[in-house]
Amino acid sequence: MKNNKNTEILLVFIMALWVPIVSMAVVKPLLKAPKTFKDEGDKSPLGCKDLGYRFDLKTLKLLPEEVGLPQSLYFIFNERSESVNLYQMLKNDSTRSMYLNNVITPRQWAVLSTSEKKLQYICTVNDPKQSYGKIVDCAESLKVCEYARVKYGMNNGGNYWLVKSSSRGAAVDAVLHYGIIPR
Amino acid sequence: MKKQVAVVLFHFLLLGVDSLTADLYAKSANPTVSTIVAKPTEPPPSPYYGVGLCDNPLYECIKTMAGDSWEKLFPDEAQRDLVQRINRCYNNLWAGKTIAVPRDLSHDTLLSLSPFPQKINGEHEKEIIVDQDKLAWGAYDAEGQLVKWGPIASGRDKCPDSNNICRTLTGLFRVFSKESKECVSDVFPIGKGGAKMPYCMYFHKGFALHGSPDMPGYRASHGCVRMFISDAKWLNETFVQISNEMNHYMGTLVIIRPVTKDGKEYGPVKLAADSPVSKKALKPKANRWVNPDEVSVQ
């Protein structure tokens, strides 16, 4: 009888030891895992309109002044299963002398803040034979939408890639965290 | 009794498995163990400044010795200033440091040694170009004429006091705020603030152009663009206008160019170690008489 009781005590003791170990095994990966968002694929964020851009001869033209305020926010999704390089095309006489280029990883979103009158991009995918990659049709590679009436502060305007490549939820989160109100 | 021993043994067996699992978790959480990503390294010496000019016939390079100082080597203040600008540095010299010196120093001027073109086709608006490859800024007037240029030290790749990348944000911005010689940081040193940023000119969030006594000749800041204090004073008091109602919130344009490698943006991007891009050697194409803007990208 006493022997059985000892066995029970030992079992309870062992079980008590297991509780924190098992719970850590379950909780730890959740804590360690990076902040993830539900993958909504290529669905545009709420309020992001299918306007302010044009696909023209394989290139992408962004036209922020076409609708709404000049300072716009573009969400651009890479529909391909490989990274897409976006190379800005500039006129020879442009003083801007700076290329707002970016690389969007497969099935990810990028966010461009811009107040330029017009931006034109050529799309490429990596090709070991060519340093700038192989040209692909932007229309077949990207999904684009624009927030045309965005509320910027004095300190966060300008022309820059706010999000280079991330999930849709993380991209929206980054925009809001930056103090920009897309609408 | 045998049953008890079996239970205890089973328990420790499982414990062993669990610790192994925990170890695997730890490894998968550590990117240095589980992912193979080419580690970005500092670009090779730039053909635009410092030791990168040693192959250029218009420059000679000298190795400083113990006891050397800028004042001792270049007693003439104007010439000393030019040499410091060419080396993007006015910090104290140390024995063994190599510096580039223009061979025709007595005839050279600030503009003749410029890494920027003297004239660009303008859009009738003055602008400041911050070029992180040249480690320099250039101020152009509304007619596209270069007015002045100077060295910078922009954001380093990784800061020792932070987990974040300290790169300066690249893009086109407008100066929205500027302060006097007394300008100080609200953030750095972390937790205290108070780091001196004389003549600061904010262009985006907490990013600013400002003077600094520490100009080491490489990218060394937390993200701001450091410059010679005299240059920051000149820009702040003479050149830069902040965004306001009068100018329709179009403060002076600041263009921050990215750090590039082979004409591509260089940074914490995943680049295969055996990529032909990473293997391709950089050929110094530019000297001070060539417009490097025409050969650098695209």
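As the structure is a prediction and not an experimental result, all values here were calculated from the model.

**Here we look at the nonpolar core**
Residues and elements named next belong to chain A.
Here comes step 1: One finds Ile-76 and Val-111 to be the most contacted residues of the largest nonpolar core, which totals 89 residues.
Here comes step 2: In terms of residues, this core owes the most to one element, strand β3 (residues 72-78), which gives five residues.
Here comes step 3: Among all residues touching Ile-76, those that are not within four sequence positions of it are Ile-104, Trp-109, Ala-110, Leu-112, Leu-142 and Val-144.

**Brief notes about the environment of B:Asn244**
Here comes step 1: Inspection of the secondary structure puts B:Asn244 in the loop between α5 (229-239) and β11 (253-257).
Here comes step 2: Considered as a pair, B:Asn244 and B:Phe176 are 68 residues apart in the sequence and their alpha carbons are 7.8 Å apart.

**Details of the confidence of the model for chain A**
Here comes step 1: Taken over all residues, the pLDDT of chain A has a mean of 84, while the share at 70 or more is 75%.
Here comes step 2: Here residues 29-38 of chain A is modelled with pLDDT under 50, and outside its nearest four sequence neighbours on either side it reaches eight contacts, counting other chains as well.

**What to know about the pairing of strand β9 (residues 207-211) of chain B**
Residues and elements named next belong to chain B.
Here comes step 1: For β9, a buried count of five out of five residues is recorded, marking the element as mostly surrounded by other parts of the structure.
Here comes step 2: Note that β9 and strand β10 (residues 225-227) share three bridges and pair parallel. Its bridge partner being in β10, Leu-209 is matched across the sheet by Val-225.

**Points about the sheet that holds β3(A)**
All names here are of chain A.
Here comes step 1: Across the sheet, four strands lie side by side as β9-β3-β6-β10; this open sheet has antiparallel pairing. Looking along the sheet, the strands with just one partner apiece sit at the ends: β9 (142-147) and β10 (160-166). Between one strand axis and the next, the sheet turns through 15° on average, direction left out of account.
Here comes step 2: Where β3 meets β9, six bridges bridge the pair, whose relative direction is antiparallel. Following the sheet pairing, Asn-78 is matched in β9 by Leu-142.
Here comes step 3: On top of the sheet, helix α3 (residues 168-177) reaches β3, β6 (109-114) and β10; it is set at about 150° to β10, its chief contact.

**Comments concerning helix α4 (residues 77-86) of chain B**
Here comes step 1: Regarding α4(B), the residues found buried are B:Leu82, B:Val83, B:Gln84, B:Arg85 and B:Ile86.
Here comes step 2: Following α4(B) by one or two positions, B:Arg88 adopts a phi angle in the positive range, close to 55°.

**What to know about the sheet that holds strand β8 (residues 201-204) of chain B**
Residue and element names in this part refer to chain B.
Here comes step 1: Taking strand neighbours across the sheet as the criterion, the nine strands line up as β6-β11-β3-β4-β5-β10-β9-β8-β7 in an open arrangement whose pairing is mixed. Single-partner strands in this sheet number two, and they are β6 (171-174) and β7 (177-178).
Here comes step 2: As paired elements, β6 and β11 share four bridges and run antiparallel to each other. Bridge pairing links Arg-174 to Leu-253 in β11.

Rules used throughout
Residues numbered from 1 in each chain as written. Chains lettered and ligands numbered in written order. Predicted model: local features only at pLDDT ≥ 70, side-chain atom pairs only at ≥ 80, totals over all residues. Core = buried A, V, L, I, M, F, W, Y, C linked by C-beta atoms within 7 Å. Buried ≥ 20, exposed ≤ 12 C-beta atoms within 10 Å, placed from the backbone. Helix = DSSP H or I, 4+ residues; strand = E, 2+ residues; numbered from the N terminus. Contact = placed C-beta atoms within 7 Å. pLDDT = per-residue confidence, 0-100. Pairing = 2+ DSSP bridges. Axes fitted to C-alpha atoms, helices over the stretch in contact; angles between N-to-C directions.

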